[in-house]
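Take a look at the letters that make up each chain.
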Amino acid sequence: MIGCSLLALAVPAHAQSAGAAGGEPSGADGAVAEMNAGEIIVTANRRAERLQKVPIAVTVVDGGQLVRQNVNSVENLTRSAPALDIAGPTGYGALSIRGVGGISLAQSSEGSVGVVIDNVALANTSIDPPLLFDIARIEVLEGPQSTLFGRNSSAGVINVVTAAPDPSRFALIAHTDVGTLDNYIGRVAVNVPVSDNAALRVAAGFNQDPKVQHNLADDSWQKRQSDAVRGRFLWKATDRLTVNLSSDYTHNHYNGGVQWAVYQSSPTSLLTARLAGCGVVVGPANTDGCAGTNRSDHKVFGASGQIDLELGDLTLTSVSAIRRRTINELVDIDSTTANRYTQPQTGSQRNLSQELRLSTPNGGFIEGVAGLYYSNQRLTNSVTQVGNILADLPLIGACPLPSPALCALPFGQVRDTAVQTEGYAAFGQATLNLSPRFRVVLGLRLGHESVQAQTAATTLAPGAVGQITPLPAINAKATDTYFGYRAGLQYDLTPHLMVFATITRGYKGPAVNDQAAGVSGSQLIVRPEIPTSMEGGFKSSLMDGNIAFNATGFYTRIKDFQANFVDTSTAVNLLVFGNAPTYRTWGATANLFGRPVTGLTLNLGATFLVRRYGAGYFAQNAAGQIVDVSRFRPGGALKLTGSAEYTVPLSAGLNGFVQTDVVRTPRQYSNAAGDAVLSVDDWVAVGGRIGVKTSNNRFGVSVFVRNLFDTFRSGARFSTPVSAQQLDPASFAQFAGAESRRVVGLSLDASF
């Protein structure tokens, strides 16, 4: 649900220009002169370079394409980037690239996909990435990027560049979408010159997802809303000194609806009877529930300062940042109004970071960057689990307590966790231009990570007569000194065709199994995850540079893959967060983008992916059995993304346009065991717009549709929590996302 630069639908998806502030687009509204595909500028190597010269698989999406596809969050960027997928329930921020990434049971663990906004790594706050709007471009970097981006980028990086302030003119840009199912989007950005060398840019956004998940108990819908504001101040103090100051605030919240919906249950179970009594029709496309109160309130805010100082031919960059995140949630876990299990949760995070780097200019024998990085993170979390969780068991004579009356009483507990993480590193990467056509890439990162977690022993929840499962305290620390590297070769076969091959050792830092139950000692330490990736591919420009066609093949082997699994060495086969021996993914990605003819813009992508778990990785299947998931060998998965727009003059001052986007998502398995009952079928989503706009892009109006054929697709599937306590041995539930239903609406654009 990523926002955009609110501009013109006519800006081509491939148009970018390098500005004074690290390759950001020039112009107060992000609009740039049309360029051919070979001139796109990216900062994938932490400095401005042409995309077609960077030996990394990168998908570039600009603000115009984000508007056209209604991409309003990082999660929805999966519709534009073929290698990017959601790796868990909608709204939880779990992402994967090339099949690497997922949700962790540990508070001290970070994701595998790094999110970077204007040179600031979000770290753990990427669980709630800020609502993105007024965007210049987004770069999705595939494969391990730990050499330049650090500990939480072992699968890849989403590098977001917001629109920069422009001292040359005043600008006001606005965009709104009004759609069915109460879907509303609003964006506004104001660019104000302060002097001839300074400007202030303030942007605000509002997003309300379509209402999809319905609570029949109180007739409420889960309408996820995001409100956000961002301010940027750019001051070019001298010809050699540039200062960028930025701050942002995002509020993600909902109140009502249900957290999930049951799509399968046993016909004669108590759970089924309770759902039916409320009017819920259980089935594969069910989005209704009947539960108690559900609410979520997440706030993310931060500030950063970047200073760029030119020292002769070199540029010294300093980026200082602070980010904070708070959460306050209440989830009814039992899927009914029976008050069997609710879970209130509160938490906060604070991230401090400082980066210094020195960059060389482009065009010399050595083109590169070297730097130092420091980060310090603090996290607190408190989870309460409470309810009459045993109240139904006396019906079948299964009350585990001395008297059935005791099972009717409320039980619950509170568990508090605190995490401290500190890391520092030195890094560098250079391209050696050995000849005009032959280049060598060398990169290295040396660092140290320290993670300490303290989880207090469970205490009695307010109103409870006893704890559900008393758990002891945890206090453990994991440290690691590591190195990562990248080495590669590039060769220009022709002026329009470059081939490359690289090998990269990535890194994901250690963690503590801080939510463990019944484990101790070395079982509490989660070792670092070490991916080694080999890639080879080409980047080409066709039709005088109007079209680019890039393709990359890859093979990644991960040692000590961090995952949730069943520890068979424990007495009761505990579910823990730890290290699976190995995990492999391989496949290929291809992108075709540009402007083949006047008025037509294309951006097409495809990823073919195969994945395998190594021997010794055990997980629980849908039937509750422990299985070796290395025996599950799914075939290759093919994901396709496509966006196209055609603009045609209607009169001297008016243009008409038609746009379409298509996404084919392959079948996905919601658990490592690959159970068919928990899988999500392959899905094709079609959307588009048709409208008119003035030739100067001042005004535009269009009609849009998303999920044209109203094809339902679950976001993720899982065993229904607490269903066994409600006498249902085989019940399954699902999340539904914003794209699960058809939405039709009207868009308005204005720019002054």
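Residues numbered from 1 in each chain as written. Predicted model: local features only at pLDDT ≥ 70, side-chain atom pairs only at ≥ 80, totals over all residues. Heavy atoms only, no water.

## Digging into the overall build of the protein
Along its length, the protein carries four helices and 44 strands. Relative to its length of 752 residues, the protein is compact, with a C-alpha radius of gyration of 26 Å against a globular reference of 27 Å. Across its three principal axes, the protein shows a C-alpha extent of roughly 80 × 60 × 50 Å. The buried share of the protein, reckoned over its 752 residues, is 59%. Restricting the contact set of the protein to residue pairs at least 6 apart, pairs at least 24 apart contribute 69%. Of the roughly 27400 Å² that the protein leaves accessible, carbon and sulfur atoms contribute 60%. Each charge class in the protein can be summarised by its mean position, and for the 58 positive and 56 negative side chains these summaries are 3 Å apart. (Helix = DSSP H or I, 4+ residues; strand = E, 2+ residues; numbered from the N terminus. Rg over C-alpha atoms; globule rule 2.2 N^0.38 Å. Buried < 20%, exposed > 50% of the residue type's maximum accessible area, 1.4 Å probe, protein only. Contact = heavy atoms within 4.5 Å. Areas by Shrake-Rupley, 256 points an atom, 1.4 Å probe, with all protein chains shown as cover. Lys, Arg positive; Asp, Glu negative; His and termini not counted. Charge placed at Lys NZ, Arg CZ, Asp CG, Glu CD.)

## Examining the state of the cysteines
Taken as a whole, this structure holds two disulfides when the rule is applied. Across the disulfide, C278 is cross-linked to C290 (sulfur-sulfur distance 2.1 Å). On the sign convention where negative means left-handed, the S-S torsion of about 80° between C278 and C290 marks this disulfide as right-handed. Placement of the pair is C278 in helix α3 (residues 270-278) and C290 in the loop between β18 (288-289) and β19 (295-311), with a sequence separation of 12 residues. On the basis of relative accessible area, C278 is assigned to the partly exposed category, the value being 21%. Among the residues examined, C290 registers a relative accessible area of 5% and is labelled buried. (Disulfide = S-S within 2.5 Å.)

## Section: the packing of aromatic side chains
Taken as a whole and assessed by the stated rule, the structure comprises 17 aromatic pairs. Their ring planes at 20° and their centres at 6.3 Å tell us that F483 and Y485 sit as a pair that is stacked. Given the relative accessible area of 37%, F483 is considered partly exposed. Residue Y485 is classed as partly exposed on the basis of its relative accessible area of 27%. (Phe/Tyr/Trp six-rings, centres within 6.5 Å; stacked < 30°, edge-to-face > 60°.)

## Some points on the pattern of salt bridges
Once their charged atoms are close, side chains differing in charge can pair, the charge on each being opposite to the other. Scanning the entire structure with this criterion turns up 21 salt bridges. The shortest N-O distance in the salt bridge between E355 and R357 comes to 3.3 Å. Since its relative accessible area comes to 5%, E355 is described here as buried. Classification of R357 as buried rests on a relative accessible area of 5%. Overlapping salt bridges, with partners in common, bring together R46, E355 and R357 in one network. (Salt bridge = Lys/Arg side-chain N within 4 Å of Asp/Glu carboxyl O.)

## Comments concerning empty space enclosed by the protein
One simple way to see leftover space: roll a probe sized like a water molecule over the atoms. Applying the stated criterion across every chain yields a total of 14 cavities of 30 Å³ or more. Only β7 (120-121), α2 (146-149), β21 (342-359), β22 (366-387), β23 (411-433) and β24 (438-455) provide two or more residues apiece to the lining of the largest cavity. In terms of residue class, the lining of the largest cavity is built from 13 nonpolar, eight polar and six charged. Empty space within the second largest cavity amounts to approximately 180 Å³. (1 Å grid on protein atoms, 1.4 Å probe; cavity = no way out; pocket = protein on both sides within 12 Å on 5 of 7 lines; lining within 4 Å. Points joined across faces, edges and corners; volume = space filled by probe spheres on them. Nonpolar A, V, L, I, M, F, W, Y, C, P; charged D, E, K, R; others polar.)

## Some details on the nonpolar core
One finds L77, I138 and I158 to be the most contacted residues of the largest nonpolar core, which totals 45 residues. Excluding its chain neighbours within four sequence positions, the residues that come into contact with I158 are V74, L77, L84, L95, V113, G114, V115, V116, I138 and E139. (Core = buried A, V, L, I, M, F, W, Y, C linked by side-chain atoms within 4.5 Å.)

## Some remarks on unusual backbone geometry
Here N119, not a glycine, exhibits a phi torsion of approximately 75°, which is positive. Checked against the element boundaries, N119 lands in the loop between β6 (113-117) and β7. Of the residues examined, N119 reaches a relative accessible area of 23% and is grouped as partly exposed. The phi angle at N339 is positive, at roughly 55°, despite the residue not being glycine. Looking at the secondary structure, you find N339 in the loop between β20 (314-332) and β21. With relative accessibility at 41%, the residue N339 sits in the partly exposed group.

## Concerning the pairing of strand β10 (residues 171-179)
Here β10 shows a clear split, with A171, I173, H175, D177 and G179 buried on one side and none of L172, A174, T176 and V178 buried on the other. As defined by bridge partners, β10 adjoins strand β11 (residues 183-195) across nine bridges and the pair is classed as antiparallel. Each bridged residue has a counterpart across the sheet, and for V178 the counterpart in β11 is Y184. Taking the residues that link successive antiparallel strands as the turn, the β10-β11 hairpin has three residues, and the phi of L181 there is positive, at about 60°. Relative to strand β44 (residues 743-751), β10 runs antiparallel, the two sharing seven bridges. Residue T176 lies in a different strand from β44, and its bridge partner there is L748. (Pairing = 2+ DSSP bridges.)

## Section: the pairing of strand β27 (residues 497-505)
Every second residue of β27 is oriented toward a common face, the buried set being M498, F500, T502 and T504 and the non-buried set L497, V499, A501, I503 and R505. Sheet topology note: the strand β26 (residues 474-494)/β27 ladder contains nine bridges and is antiparallel. Looking at the pairing, G488 lines up with T502 of β27. As consecutive antiparallel partners, β26 and β27 are separated by two residues. Two elements, β27 and strand β30 (residues 530-542), share nine bridges in a ladder whose sense is antiparallel. Paired with R505 across the two strands is T532, which belongs to β30.

## Looking at the sheet that holds strand β17 (residues 261-264)
Taken in spatial order, the three strands of this open sheet run β17-β43-β42, and their pairing is antiparallel. The open sheet has two edge strands with one neighbour each: β17 and β42 (714-719). Shown here is a sheet whose adjacent strand axes are inclined to one another by a mean of 35°, direction ignored. Looking at chain direction, β42 and strand β43 (residues 732-736) are connected through five bridges and run antiparallel. Bridging from a neighbouring strand, S719 pairs with F732 of β43. (Axes fitted to C-alpha atoms, helices over the stretch in contact; angles between N-to-C directions.)

## As for the sheet that holds strand β13 (residues 214-215)
Strand pairs in the sheet, formed through backbone hydrogen bonds, run parallel or antiparallel to each other. Read from one edge to the other, the open sheet built from three strands follows the order β14-β13-β18, with strand pairing classed as mixed. Across the chains shown, the open sheet's two edge strands, defined by having one partner strand only, are β14 (220-221) and β18. One ladder, built from two bridges, connects β13 with β18; its direction is parallel. Bridge assignment links H214 to a residue of β18, and that residue is D288.

## Focus: a nonpolar patch on the surface
Residues V597, Y646, V648, L650, L654, V658, I690, V701, V703, V744, L746 and L748 make up a contiguous nonpolar surface patch of about 940 Å² in total accessible area. Residue assignment for the nonpolar patch shows that the elements contributing at least two residues are β36 (637-649), β37 (654-665), β41 (699-706) and β44. In terms of residue count, the dominant contributor to the nonpolar patch is β44 (three residues). Among the structural elements, L654 can be located in strand β37. (Patch = residues over 30% accessible without salt bridge, like charges linked within 9 Å, V, L, I, M, F, W, Y side chains within 5 Å.)

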